[in-house]
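Remarks on the overall topology
What follows is each chain in one-letter form.
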Amino acid sequence: MTILGAKAKAIRETKAKHPDWTDGQITDKLIAYYSEQAHSSAQRATTLAHVTGRGLPTDEEQSLRGSSLAQAIEEDRAAGLIPFYVLATSGTTPHCAFDNLTELGAICQAEELWLHVDAAYAGSAFICPEFRHWMAGVECVDSFNFNPHKWLLVNFDCSALWLKDMSLISQALDYNCPIIRPNPDSGEAMPDFRHYQVALGRRCRSMKVWFVLRMYGVEGLQKYIRTQVGLAKEFEKLVQLDDRFEMMVPVRLGLACFRLKASGEANMRLMKRINDSKRLFLTHAMLNGQAVFRFTAGASRTNSADIHHSWKIIQEEATDFLKGESDQKK
């Protein structure tokens, strides 16, 4: 939705400068930016909005920096394109990396680009003050989204979206139908949520959040997040004690990224073996062309014993896998 609001805003502003340009001509020139580490929803958003999307390279910590964005804007403006939207990620799906909001925000403000933050997973952790350093620069963003159903004990689905200027979304999605038109004589300026989303109707997701807050309280939710982060750190220490494995990036929040010290193909075969055992399920991501395993503690009842049990399964499968690999070479 935010990209639709940004698109409508960009078209209005460009038409003011070029009244003879059609909406289609302007849309063909619009370009949005996001990190190469961004979720696939970034590409889907640009596809649905019928605009060009460009993935930008990140630094050694998988973070999108201001220099990368500034260079892209300069190149695209020189090519006759119209930069209008930047999607920054706080807690990327592959490695839980954080784009630099302070640097990106300063550039977006100077260039008059919409800055949106996708904090789908990591946003829940910001309920704890000690993790809010990753929010530095958030005062510069135009919209911010996170999913309480991912890590805040709220049942699926629930997405929370903050907007600096809600009117920019309603202007992009506003439509009127005689049978649902509000009473013009009521004199009440009530928010009409059909103008803030694609769907006409809406479920009361806020009720789920209210019940969770009532049940756990802020301190209970903070304790839950801190416990999960601690379990991920505990798993990291177990990996570091086994010289057959290596951590690929430091643990960020509840996600540990590690791999067997072997080829990418060997890691993929090991992952298949682990998953086929049906004792544990791992997913993978790519980092610098190498396959890495992703392990996260996310269930509400996960404890230290579960972490050690999971690592024992990985070690057992790795031992059998490496023995089989060695026998094949003989």
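Computed from a predicted structure; not experimentally measured.

If charged atoms from side chains of opposite charge come close, those side chains can pair. Under the defined criterion, the tally for this structure stands at 16 salt bridges. Of the charged contacts in the structure, one is a salt bridge between Lys15 and Asp23, with a shortest N-O distance of 2.8 Å. Of the charged contacts, one joins Asp320 and Arg273 as a salt bridge, the two residues approaching to 3.8 Å between their closest N and O atoms. Pair noted here: Asp320 is in helix α10 (residues 304-329) and Arg273 is in helix α9 (residues 264-276), with a separation of 47 residues, a long-range link. Accessibility expressed as a relative area gives 35% for Arg273, which makes it partly exposed. Bridged by salt links that share partners, the residues Arg273, Arg279, Glu316, Glu317 and Asp320 form one connected network.

On to the layout of surface pockets. Each pocket or cavity is described by its volume, and for the second largest pocket that value is around 440 Å³. Listing elements by their share of the lining of the second largest pocket, those giving two or more residues are α1 (2-17), β3 (82-89) and α5 (101-111). Here the residues of the lining of the second largest pocket are counted per class, giving 11 nonpolar, 4 polar and 10 charged.

Quick look at the packing of aromatic side chains now. One pass over the structure, following the stated rule, counts 14 aromatic pairs. Judged by centre distance (5.1 Å) and plane angle (75°), the ring pair of Trp210 and Phe211 falls under edge-to-face. Ring geometry for Phe235 against Phe258: centres 5.3 Å apart, planes inclined by 65°, an arrangement best described as edge-to-face. Residue Phe235 is located in helix α8 (residues 206-240), and its partner Phe258 is located in strand β8 (residues 255-260); the two are separated by 23 residues in the primary sequence. A residue is classified by how much of its surface remains accessible, and Phe258, at 0% relative accessible area, is buried. Grouped by ring-pair contacts, the aromatic residues Phe235, Phe245, Phe258, Phe293, Phe295 and Trp311 constitute a single cluster.

What follows deals with the sheet that holds strand β10 (residues 290-296). Reading across the sheet, the 4 strands line up as β7-β8-β10-β9 and stay open at both edges, with antiparallel pairing between neighbours. Pairing within the sheet leaves two strands with one partner each, and these edge strands are β7 (245-252) and β9 (283-287). Each adjacent strand pair in this sheet contributes to an overall mean axis angle of 35°, direction not counted. The pairing of β8 with β10 spans 4 bridges and is classified as antiparallel.

Attention now moves to the state of the cysteines. Defined simply, a disulfide is a covalent bond joining two cysteines at their sulfur atoms. If you walk through the whole model with that rule in mind, you get 0 disulfides. Left unpaired, Cys128 is separated from the closest cysteine sulfur, that of Cys96, by 13 Å. No disulfide involves Cys204; its sulfur sits 10.0 Å from the nearest other cysteine sulfur, which is in Cys158.

Following both chains from N to C, one finds helix α4 (residues 66-78) and α5 inclined at 30°, their axes separated by 8 Å at the closest point. Classed by the angle they form, the pair α4 and α5 counts as roughly parallel. Only Glu103, Leu104, Ile107, Cys108 and Glu111 of α5 make contact with α4, whose side of the interface consists of Gly66, Leu69, Ala70, Ile73 and Arg77. Tallied by class, residues from the contact of α4 with α5 come to 6 nonpolar, 1 polar and 3 charged.

Here the focus is a nonpolar patch on the surface. Taken together, the side chains of Met1, Leu161 and Val198 present a nonpolar region at the surface, about 260 Å² in accessible area. Mapped onto the secondary structure, Leu161 falls in strand β6 (residues 160-163). Owing to a relative accessible area of 32%, Leu161 belongs among the partly exposed residues under this scheme.

It is at 10 Å that the axes of α1 and helix α3 (residues 41-49) come closest, and there the two elements cross at 45°. The angle between the axes of α1 and α3 places the two elements in the oblique class. Crossing of α1 against α3: the hand is right-handed. Of the residues in α3, those in contact with Ile3, Leu4 and Lys7 of α1 are Ala45, Thr46 and Ala49. Of the residues belonging to the contact of α1 with α3, the class tally is 4 nonpolar, 1 polar and 1 charged.

Sheet analysis places β9 next to β10, joined by 5 bridges and oriented antiparallel. By the bridge assignment for β10, Met286 is matched with Ala291. The hairpin turn running from β9 into β10, its antiparallel successor, is 2 residues long, and Asn288 in that turn takes a positive phi close to 55°.

Cut-offs used in this document
Residues numbered from 1 in each chain as written. Predicted model: local features only at pLDDT ≥ 70, side-chain atom pairs only at ≥ 80, totals over all residues. Heavy atoms only, no water. Salt bridge = Lys/Arg side-chain N within 4 Å of Asp/Glu carboxyl O. Helix = DSSP H or I, 4+ residues; strand = E, 2+ residues; numbered from the N terminus. Buried < 20%, exposed > 50% of the residue type's maximum accessible area, 1.4 Å probe, protein only. 1 Å grid on protein atoms, 1.4 Å probe; cavity = no way out; pocket = protein on both sides within 12 Å on 5 of 7 lines; lining within 4 Å. Points joined across faces, edges and corners; volume = space filled by probe spheres on them. Nonpolar A, V, L, I, M, F, W, Y, C, P; charged D, E, K, R; others polar. Phe/Tyr/Trp six-rings, centres within 6.5 Å; stacked < 30°, edge-to-face > 60°. Pairing = 2+ DSSP bridges. Axes fitted to C-alpha atoms, helices over the stretch in contact; angles between N-to-C directions. Disulfide = S-S within 2.5 Å. Parallel < 35°, antiparallel > 145°, perpendicular 65-115°, else oblique. Contact = heavy atoms within 4.5 Å. Patch = residues over 30% accessible without salt bridge, like charges linked within 9 Å, V, L, I, M, F, W, Y side chains within 5 Å. Areas by Shrake-Rupley, 256 points an atom, 1.4 Å probe, with all protein chains shown as cover. Left-handed = near helix turned anticlockwise from the far one by under 90°.

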